[in-house]
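Now for the letters of each chain:
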Amino acid sequence: MTTTKNPLEHFDLHDPELAPRYYEVTGAARRSCPIGRTDASGGYWVVTRYDDVKTVLQNPSAFCSERGVGLLDPKLVGRVGSILETDPPRHRELRRPVEQHLTKRQVWAAHEPAVRALAHGLVDSWIDRGEFEVVSEYSGPLSAGSLASLMGLDFDQRRSDLLEAAQYSAQGTRNGSPEDPRLHAFVERVIRDRQASGAARDDVLSTILDGGDFGDRPLSDDELYGNVRVLITAGFGTTKAAIANIALRLTQTPGLEDRLRDPRWVESDLDELLRLDSPVTGLCRVATQDVELGGQVIREGDRVMVLYASANRDEDFFTDSDRLDFDRPVNPHLAFGMGIHRCIGSNLARMGIAVGYDVLLSRVKNLALKEGTEIVYAHGNVRAPLALPVTFDVI
Amino acid sequence: MRVTIDEERCQGHGRCVLLCPEVFDADEIGHGVVKEPSIGTDLVAAVGRAVQNCPERAITVEP
């Protein structure tokens, strides 16, 4: 019997050195040791293949969320109770009232005009320069604006506040304070302002604060806080990353620009781009019982990290998985996760991406990475270039 | 051919609605519903794409 060295022995999602090698490391693991235990962050299991990731995500009774979906016990964070960190049956009670504000119809009707106007304003701010930095001058503010609109915040005043607060939420959670006081203060202020205004609006914030039917009991203070906070922590960095990842592909892929000028690109091409460059690298569950997974025995209480971006490159599931292939007939990708915790904001994300590129590519062409640029990737739960300076020609 | 969606499995990804709006629609919380359960041969390919691209494997087509 040969002993295979565990290539995931020191896997550390929060190691900056891993970010540029994420696909290389996880690809090697899928082929030799698809589920391995790392000694990072107190030890956790790393799940790299599509089928195993699916098994974990579709079995919330064996792999729960209420003990944290990051690498820290949420009790250490102090405030618990968001949709993301709740299990059935409470999960369904929390999710339903919020979900109705995030349907495709609802987000396009309620938020598309504001996001479109914002996108034009952002382009206006740098179009005369002939170059711009995608992350700080487009994808970041656009994602923040989309969230500000969703949350019904005073658009001009609060969008920059939200952008600032959301940046803090994107910090790694391996060491240091998991709850940045600035993000905490922002969320508290958003809640306080809406409550003080006394106006119940037909939006997600009012539903969370006082309007929703959340099953047998109203929201606890922690649930209330957690569900406002999670809109920002789950919604901001992900959409920002998706837009930036697509921009990088645009600079690398001849002909892609014209392809994205066809409005139908969001029906299927977008999903191939999200599969290949999934914003979310990995999130966790905790085993509620001893359970066998892919030949490994996971013990009750063990933390299990599922790697969405790795599953989306699984060569046993996606033919020629590292290649951008818009003619791929089968693409049930996991960029938005799966199972009961599937990204609740996916329609808002898709709208932000669609409108962002509709506006951008109607005004500029020939996007190219600025000469001499070396791409540095963010590390942690979300993977995307930290900065992306590009040049362009005005249409 | 008859198309059905397993409500327990569907999590509202919305891929079916994007890929085959002739047959699928979204309900008030964004979960998939079949508006044309009985489909002819002209829609078999499009529905097939929806079936194969549903991450939850929630769609079934029966003769």
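For the structure, check the block above.
Residues numbered from 1 in each chain as written. Chains lettered and ligands numbered in written order. Predicted model: local features only at pLDDT ≥ 70, side-chain atom pairs only at ≥ 80, totals over all residues. Heavy atoms only, no water.

**Student:** An account of the layout of surface pockets is requested, with residue identities and associated values reported.
**Tutor:** Any empty space left between atoms is shown by rolling a water-sized probe over those atoms. Taken as a whole, the second largest pocket encloses approximately 540 Å³ of empty space. Residue lining of the second largest pocket: 30 residues in total, with A:Lys104, A:Trp108, A:Val266, A:Ala354 and B:Leu18 positioned closest to the centre. Those elements giving two or more residues to the lining of the second largest pocket turn out to be α5 (104-126) and α14 (346-363) of chain A together with α1 (15-19) and β2 (24-26) of chain B. At nine residues, the largest contribution of residues to the lining of the second largest pocket is made by α14(A). A per-class count over the lining of the second largest pocket returns 13 nonpolar, seven polar and 10 charged. (1 Å grid on protein atoms, 1.4 Å probe; cavity = no way out; pocket = protein on both sides within 12 Å on 5 of 7 lines; lining within 4 Å. Points joined across faces, edges and corners; volume = space filled by probe spheres on them. Helix = DSSP H or I, 4+ residues; strand = E, 2+ residues; numbered from the N terminus. Nonpolar A, V, L, I, M, F, W, Y, C, P; charged D, E, K, R; others polar.)

**Student:** An account of the packing of helix α6 (residues 134-150) of chain A against helix α10 (residues 221-252) of chain A is requested, with residue identities and associated values reported.
**Tutor:** Each packed pair of helices is defined by two parameters, the angle between the axes and the distance between the axes. All names here are of chain A. Two numbers describe how α6 lies on α10: the axes approach to 9 Å, and their chain directions differ by 140°. The way α6 lies across α10 gives a crossing that is right-handed. Contacts between α6 and α10 involve Val134, Val135, Tyr138, Ser139, Gly140, Leu142, Ser143, Ala144, Leu147 and Leu150 from the former and Leu231, Ile232, Gly235, Phe236, Thr239, Lys240, Ile243, Ala244 and Ala247 from the latter. Of the residues assigned to the contact of α6 with α10, the class counts are 13 nonpolar, five polar and one charged. (Axes fitted to C-alpha atoms, helices over the stretch in contact; angles between N-to-C directions. Left-handed = near helix turned anticlockwise from the far one by under 90°. Contact = heavy atoms within 4.5 Å.)

**Student:** How would you explain the interface of chain A and chain B if you had to name every residue and give the values?
**Tutor:** Residue-level contacts link 26 residues of chain A with 21 residues of chain B. Interface area, chain A with chain B, both sides summed: about 1900 Å², of which 42% is carbon and sulfur. Considering only the surface of chain A that becomes buried against chain B, A:Arg105, A:Glu267 and A:Arg342 emerge as the three largest contributors, covering 22% of it. Our enumeration of links across chain A and chain B arrives at two salt bridges. Between A:Arg105 and B:Asp25 there is a salt bridge, with its nearest N and O atoms 3.6 Å apart. Counting every contact that joins chain A to chain B gives 12 residue pairs in polar contact (both at pLDDT 80 or more). Those elements that provide at least two residues to the side of chain A that touches chain B are α2 (50-57), α4 (90-99) and α5 of chain A. No other element matches the three residues that α4(A) contributes to the side of chain A that touches chain B. Within the side of chain A that touches chain B, the residues separate by chemical class into eight nonpolar, eight polar and 10 charged. (Buried area = accessible area lost by both parts, 1.4 Å probe. Salt bridge = Lys/Arg side-chain N within 4 Å of Asp/Glu carboxyl O. Polar contact = N/O pair within 3.5 Å; in protein donor to acceptor, adjacent residues only side chain to side chain.)

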